[in-house]
Amino acid sequence: MTHRIVVNVETGVVSQVEYTAEEQAVHDAAVAAQALAEAVAIQQQQTNESA
Amino acid sequence: MSTVIDGSASVTINSGAILGITSGTAVASTSGTSIDFTSIPSWVKRITVMFNGVSTSGTSSIQVQIGAGSVLTSGYNAGVGLINNSSFTTTSNISSGFATIPTGVNTAAYIHYGQMILSSMGSNTWAVSGNFIYPAALNIMMVAGAVALSGTLDRVRLTTVNGTDTFDAGSINILYEG
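Residues numbered from 1 in each chain as written. Chains lettered and ligands numbered in written order. Predicted model: local features only at pLDDT ≥ 70, side-chain atom pairs only at ≥ 80, totals over all residues. Heavy atoms only, no water.

To continue, consider the overall build of chain A. Within chain A, the regular secondary structure consists of one helix and two strands. Mapped from its N terminus to its C terminus, chain A presents α and β elements in the order β-β-α. By the compact-globule yardstick of 10 Å for 51 residues, chain A is too spread out, its C-alpha radius of gyration being 19 Å. C-alpha atoms of chain A, sized along the principal axes, occupy 60 × 20 × 10 Å. When the 51 residues of chain A are sorted by exposure, 22% land in the buried category. Accessible area of chain A: about 3,600 Å², with a carbon and sulfur share of 58%. (Helix = DSSP H or I, 4+ residues; strand = E, 2+ residues; numbered from the N terminus. Rg over C-alpha atoms; globule rule 2.2 N^0.38 Å. Buried < 20%, exposed > 50% of the residue type's maximum accessible area, 1.4 Å probe, protein only. Areas by Shrake-Rupley, 256 points an atom, 1.4 Å probe, with all protein chains shown as cover.)

As structure tokens, then:
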């Protein structure tokens, strides 16, 4: 699971907060979208170079 | 009667503010997609966010966001520029936060050293300036901007623009003062 770090400056307590299932789903979708966009960009660049 | 303040202990004034500068807790920026400093006191007028070798896993720009009750993710009037020893310059307007590096420059190898200072202008508006360096390439980044919150600032978040890259090196801390 993905997580964030939370520091409470009043108490000094540092916590590792795991993503909820919903947050994880959003995260995974964003990562997949970025990977797809990068793949498309690479393919476009290769097409341009071979043209 | 005279009062001596010798720095051996904090002094609290009527509004609850602590005189002097208070340090947060330094944390390793070696995992997670964001690092939040929460429960920042309402009397705070200036916050210094310090980076010591901060790095991420990807190419998205690192950014600092602030919030009142929740983190503000848009509406920042901010920009960031970069210069280096071969006169390369680039700038970006990034409205999702106060970015530490222009768009398209960050890599997984990038390491940030430096600090960003957030100052209260009153009426929940905060102005920012900051400088960072990536020593290996002698790249120097400069950030400036301002943003208005809907309420009293109570949190500072370090994250990336895409929100999915993870931190993988360094440490971060804040100082705050009234």
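Structure's up, so let's keep going.
This next bit is on the interface of chain B and chain A. Across the contact, 19 residues belong to chain B and 16 residues belong to chain A. Across the chain B/chain A interface, buried area totals approximately 1,400 Å², and carbon plus sulfur atoms make up 54% of it. Applying the counting rule to chain B against chain A returns zero salt bridges. Here chain B is connected to chain A by 12 residue pairs in polar contact (both at pLDDT 80 or more). Counting residues per element, the ones that place at least two in the side of chain B that touches chain A are β3 (35–38) and β13 (167–177) of chain B. (Contact = heavy atoms within 4.5 Å. Buried area = accessible area lost by both parts, 1.4 Å probe. Salt bridge = Lys/Arg side-chain N within 4 Å of Asp/Glu carboxyl O. Polar contact = N/O pair within 3.5 Å; in protein donor to acceptor, adjacent residues only side chain to side chain.)

Let us now look at the nonpolar core. As a rule of thumb, soluble globular proteins bury nonpolar side chains together. The biggest cluster of nonpolar side chains holds 44 residues, and the ones touching the most others in it are Ile 47, Val 49, Phe 51, Ile 66, Phe 98 and Leu 158 of chain B. Ignoring sequence-local partners within four residues, the contact set of Ile 66 of chain B consists of Val 71, Leu 72, Tyr 76, Leu 118, Trp 126, Val 147, Leu 149, Leu 153, Arg 155 and Val 156 of chain B. (Core = buried A, V, L, I, M, F, W, Y, C linked by side-chain atoms within 4.5 Å.)

It is worth spelling out the pattern of salt bridges at this point. For the structure on display, the rule yields four salt bridges over all chains. Salt-bridge contacts for Arg 4 of chain A lead to Glu 23 of chain A; the nearest nitrogen and oxygen are separated by 3.3 Å. Linking Arg 4 of chain A in strand β1 (residues 3–8) with Glu 23 of chain A in helix α1 (residues 21–50), this pair joins segments that are 19 residues apart in sequence. Residue Glu 23 of chain A is classed as partly exposed on the basis of its relative accessible area of 29%. In this structure, Arg 46 of chain B and Glu 177 of chain B form a salt bridge, with 3.2 Å as the shortest nitrogen-oxygen distance. One end of the pair, Arg 46 of chain B, is in strand β4 (residues 46–56); the other, Glu 177 of chain B, is in strand β13, and 131 residues separate them in sequence. Residue classification places Glu 177 of chain B among the buried residues on the basis of a relative accessible area of 14%.

Next up on the list: the pairing of β4 of chain B. A regular strand carries its side chains on alternate faces of the sheet. All names here are of chain B. Counting buried positions along β4 gives eight out of 11 residues, so the element sits mostly inside the fold. Judged from the eight bridges that link them, β4 and strand β9 (residues 112–122) form a sheet pairing that is antiparallel. Counted as the bridge partner of Thr 48 is Ile 117 from β9. Of the strand pairs in this sheet, β4 and β13 are connected by nine bridges, and their pairing is antiparallel. Across the sheet, Val 49 pairs through a bridge with Ile 174, a residue of β13. (Pairing = 2+ DSSP bridges.)

In this section: the sheet that holds strand β8 (residues 98–99) of chain B. Taken in spatial order, the six strands line up as β2(A)-β1(A)-β3(B)-β12(B)-β5(B)-β8(B) in an open sheet, and their pairing is mixed. Every other strand in the sheet has two partners, leaving β2 (14–18) of chain A together with β8 of chain B as the edge strands with one partner each.

Bringing the side chain of Ser 61 of chain B into the picture now. Residue and element names in this part refer to chain B. Considering the arrangement of structural elements, one finds Ser 61 in the loop between β4 and β5 (62–67). Among the polar contacts made by the side chain of Ser 61, one reaches the main-chain carbonyl oxygen of Pro 102 at a distance of 3.4 Å. Setting aside residues up to four positions removed in sequence, Ser 61 forms contacts with Ile 94, Ala 99, Ile 101, Pro 102, Thr 103, Thr 159, Thr 160 and Val 161.

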